[in-house]
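What follows is the residue order along each chain.
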Amino acid sequence: MAFPATRLRRLRSSPGLRGMVRETRLDPSCFIYPLFVVSGRGVADPIPSLPGLCHWSVDRVVGEAEEALSLGIPAVLLFGIPEQKDELGSEAYSDEGVVQQAVRALKQRLPELIVITDVCLCEYTSHGHCGVVVNRQVDNDRTLELLVRTALSHARAGADLVAPSDMMDGRVAAIRAALDEEGYAGVGILSYAAKYASSFYGPFREAAFSAPAFGDRRGYQMDPANAREALREVILDVEEGADIVMVKPALAYLDVIHRVREAVHLPVAAYNVSGEYSMVKAAAARGWVDERQVTLEILTSIRRAGADLIITYHAKDAARWLRQGDTR
Ligand code: PBG
C-alpha cells in the first residue's frame, strides 16, 4: 500500500509516538568511561586535548569513578601514564604501577564498579610503540610475553576484564591461557579485535604522551581500507577466547561495527575515540554544533550500527543528558 493510504509521517507526529516506535535506545548502562591515571597524590589536571577530562592520581580517580557510577555508568576503562618510560615498558607490568594501584583502590571502594584495564605497552615504552622493538620493528612474539605479564598483574590487582589494544597476533590466546593457568579463569577479555591505524587517536596520544618516536603503527594496526580483514581479526579473537570484541574507532567504521554484529554472537563494543570526541568539543566551543544533540546523535548511531557497548569520553555528559530526558 502506497500513498495516500500509507503516510510515514503519522508515527512522527508527537514525541510520544516517536518514543514508542524508536528502534534504538541509548542508556548509560551501555557506556564504558575511560580514565587516565597518573602517579602522585591529589592530582586532577585537565587534559588540554580532551576538554572536560583530567589526569587523575589514584586517590582522586576513585571519586571520578564514583560519580560515573552514580550516573548509571557501570564500567571504567583504565589507562596509565607512568612516571618513567623505558625500552621494555616495565611499568606496564609492575604490581606497583599506577593502573594496578588504581584497580585495587577502585575495587576496594566501589566493589560493584566494573573495572576494565587497557593492556598495551605504548604508554610505557620510551619509543612509544606497542611492543618490543627489534631492528625498528615491533617483535610480535616477544611482545606477547610482556602483554601476558601486564594482563596477569591487572588480574592480580582485581580487574574484571582486561582489554588488549596492541594488535599483536595471538595475544588473546596467550592471555587467556595465562589467566587460566594462574587461577584467573573468571577474568574476562575485551579484545580490541579490529583496531585500525587511525589518525583519530591524536588527542589520546597527546594525553598519554604515547605518539611513536619513529615510524607509525601501520605494521600492526589495521589498514582503514579493509573490512573483510576486520572479520578475520574478530573471528580469530573469538576462537582465541575473547568474551567481548571491539571495533575501534567507531564513527568512520560504522559499517565494520554492523558487519561484526552480523558475524558473531558475542557482545560487540565500539570505541568512540579521542579524535571523535575532541572534534565535537572543538566545534561546540565555537557554537558550530549543539554539543548535546550532536553527541546523543553520534552515540545513537553507534548503537544503531550494532554496538552493545560504547567506550566514550562523553559518558558522563551523555548520562546526565539522558537522565534529564531525551528531547528528540
Ligand atoms: C593504546 C591505545 C590507544 C588508544 C587506546 N589504546 C592509542 C594508540 O593505539 O595509539 C586510543 C584511544 C583514543 O584515541 O581514544 N594502544
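For the structure, check the block above.
Residues numbered from 1 in each chain as written. Predicted model: local features only at pLDDT ≥ 70, side-chain atom pairs only at ≥ 80, totals over all residues. Heavy atoms only, no water.

**Student:** How do you make sense of the nonpolar core when you look at a structure like this?
**Tutor:** Within soluble globular proteins, side chains that are nonpolar tend to cluster in buried spots. Counting 116 residues, the largest nonpolar core has Phe-31, Leu-78 and Leu-106 as its most contacted members. Not counting the four nearest positions on each side in its chain, Leu-106 is found in contact with Val-61, Val-62, Ala-65, Val-76, Leu-78, Pro-111, Leu-113 and Val-115. (Core = buried A, V, L, I, M, F, W, Y, C linked by side-chain atoms within 4.5 Å. Buried < 20%, exposed > 50% of the residue type's maximum accessible area, 1.4 Å probe, protein only. Contact = heavy atoms within 4.5 Å.)

**Student:** Hey, could you run me through the packing of aromatic side chains in this one?
**Tutor:** Aromatic rings in a pair are described by how distant their centres are and how their planes are angled relative to each other. Per the stated rule, a full pass over the model turns up 8 aromatic pairs. Centroid distance Phe-36 to Phe-79: 5.6 Å. Interplanar angle 25 degrees. Geometry classified as stacked. Of this pair, Phe-36 sits in strand β1 (residues 31-38) while Phe-79 sits in strand β4 (residues 75-81), and the two are 43 residues apart along the sequence. Like Phe-79, Phe-36 is buried. (Phe/Tyr/Trp six-rings, centres within 6.5 Å; stacked < 30°, edge-to-face > 60°. Helix = DSSP H or I, 4+ residues; strand = E, 2+ residues; numbered from the N terminus.)

**Student:** How should the packing of helix α4 (residues 140-157) against helix α5 (residues 171-181) be read in this particular structure?
**Tutor:** Relative placement of two packed helices is described by the angle separating their axes and the distance separating the axes. Two elements in contact, α4 and α5, have axes separated by 9 Å at closest approach and are oriented at 45 degrees. Between α4 and α5, the angle is such that the two are oblique. Considering only the axes of α4 and α5, their crossing is right-handed. Note on element contacts: α5 touches α4 through Arg-171, Ala-174, Ile-175, Ala-178 and Leu-179, opposite Leu-144, Leu-147, Val-148, Ala-151, Leu-152 and Ala-155. Residues of the contact of α4 with α5, tallied by class, amount to 10 nonpolar, no polar and 1 charged. (Axes fitted to C-alpha atoms, helices over the stretch in contact; angles between N-to-C directions. Parallel < 35°, antiparallel > 145°, perpendicular 65-115°, else oblique. Left-handed = near helix turned anticlockwise from the far one by under 90°. Nonpolar A, V, L, I, M, F, W, Y, C, P; charged D, E, K, R; others polar.)

**Student:** So what exactly am I meant to see when it comes to the site of the ligand here?
**Tutor:** Of all residues adjacent to the ligand, which total 20 residues, the nearest are Lys-195, Arg-205, Lys-248, Ser-274 and Tyr-313. One nitrogen or oxygen atom from the side chain of Arg-217 is found 2.9 Å from an oxygen atom belonging to the ligand. Take Gln-221: an N or O atom from its side chain is 2.9 Å from an oxygen atom of the ligand. Looking at the shell around the ligand, the elements that each hand over two or more residues are β9 (188-195) and α6 (202-208). Classifying every residue of the shell around the ligand by side-chain character gives 11 nonpolar, 3 polar and 6 charged. (Near = heavy atom within 4 Å. Polar contact = N/O pair within 3.5 Å; in protein donor to acceptor, adjacent residues only side chain to side chain.)

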